[in-house]
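Residue strings, one per chain:
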Amino acid sequence: MLVAEQAARRAARVGVVDVCTAAVAALPVSGAGLSAMSRTGPSHPLCSTDDISEQLEELQLTLGEGPCVDAFLHGSAVLTPDLLTRDLQDRWMVFAEAALEAGARAVFALPLQMGAISPGVLDLYARVPVRLNAEELADALAFADLATLVLLDTRNDETGGSRSAPAEDLGAYRAEIDQASGILTVQLGVGIEEAFVRLRAYAYAQGRRLADVAADVVARRLRFSPDTEPDQADDET
């Protein structure tokens, strides 16, 4: 099996990075990424197979919109064969343009589900317009099912692959974003959800990773003021 072969090459137990790599090898796509998702906090990229898939995971995390977000919220696959389609550009006005600029033309988001548990989303992208036929879609859904099992079994403790983060790093990633959001609730006098929105808006406007902005807030290098625009802050360095 492709997934087992990928793990064997790494001389490691099967992890989500192997599922992503195998999906790219088996399907007419250019790359894959996977994010852990939560209804009570920000999503967390777990792995990606190339620079573009890494950008797509980060974009959706920062913007809070895109096929990955919709797939998680609605619990069903979101298939976008061509991001240049007009209704898709209206649906994700910011993400669609940013994804196209990153090099993606088609994106397929498949929710990871087991009963009532929904731990994340598997994203596949292609550099050209692509439609998955019935057999290919069935294979993609099978990879998503396998990713669910692997993710729940390993509890995010995968460490292999240069683009896959160890569990302790992912925990720190989320903790810092949560801490920064908490700091902003005090600085801005708003609730935690609004604070996270402001954090995301600033990261996108500045073209920076959400985690890097959060680190600056926590380290007091960056301060937000109620009197500034949502995408602005004060640099305290």
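This write-up is about the structure you can find in this document. This is a predicted model, so every value here is computed, not measured.

Let us look at the overall build of the protein chain. Helices and strands together make up the secondary structure of the protein chain, namely 10 helices and seven strands. Taking contacts inside the protein chain between residues at least 6 apart in sequence as the whole, the part at least 24 apart equals 59%. Summed over its atoms, the accessible surface of the protein chain is roughly 11100 Å², and 50% of this surface lies on carbon and sulfur atoms.

Residues spaced three or four apart along an α-helix face the same direction, because each turn holds 3.6 residues. Residues Val 3, Gln 6 and Ala 7 constitute the buried set of helix 1 (residues 2–10). Down the axis of helix 1, the smallest arc covering the buried residues is 95°, so these residues share one side. For helix 1, the exposed residues lying more than 90 degrees away from the buried face are Ala 8 and Arg 9. Of the residues flanking the end of helix 1, it is Ala 11, one or two places downstream, whose phi is positive at about 55°.

Okay, the side chain of Asp 18 next. One can find Asp 18 in helix 2 (residues 16–26). Reaching out from Asp 18, the side chain makes a polar contact with the backbone nitrogen of Gly 15 at a distance of 2.9 Å. Beyond its immediate sequence surroundings of up to four residues, Asp 18 is in contact with Val 3, Gln 6, Ala 7, Arg 10 and Arg 13.

Summarising burial for helix 4 (residues 67–74): six of the eight residues are buried, a large majority. Within helix 4 the residues assigned to the buried category are Pro 67, Cys 68, Val 69, Asp 70, Ala 71 and Phe 72. Where helix 4 is buried, its residues contact helix 3 (51–63), strand 3 (78–80), helix 5 (86–91), helix 6 (93–102), strand 4 (106–114) and strand 5 (117–126).

Looking along a regular strand, one sees side chains alternate from face to face of the sheet. The element strand 4 is largely enclosed, with a buried count of seven among its nine residues. One ladder, built from three bridges, connects strand 3 with strand 4; its direction is antiparallel. For Leu 79, the partnering residue across the bridge sits in strand 4 and is Phe 108. In terms of strand pairing, strand 4 meets strand 5 through eight bridges, oriented antiparallel. Residue pairing for strand 5: Ala 109 is matched across the bridge by Asp 123. Between strand 4 and strand 5, which pair antiparallel and follow one another directly, the connecting turn spans two residues, one of which, Gly 115, has a positive phi of 65°.

Cut-offs applied
Residues numbered from 1 in each chain as written. Predicted model: local features only at pLDDT ≥ 70, side-chain atom pairs only at ≥ 80, totals over all residues. Heavy atoms only, no water. Helix = DSSP H or I, 4+ residues; strand = E, 2+ residues; numbered from the N terminus. Contact = heavy atoms within 4.5 Å. Areas by Shrake-Rupley, 256 points an atom, 1.4 Å probe, with all protein chains shown as cover. Buried < 20%, exposed > 50% of the residue type's maximum accessible area, 1.4 Å probe, protein only. Arc of directions from axis to C-beta. Polar contact = N/O pair within 3.5 Å; in protein donor to acceptor, adjacent residues only side chain to side chain. Pairing = 2+ DSSP bridges.

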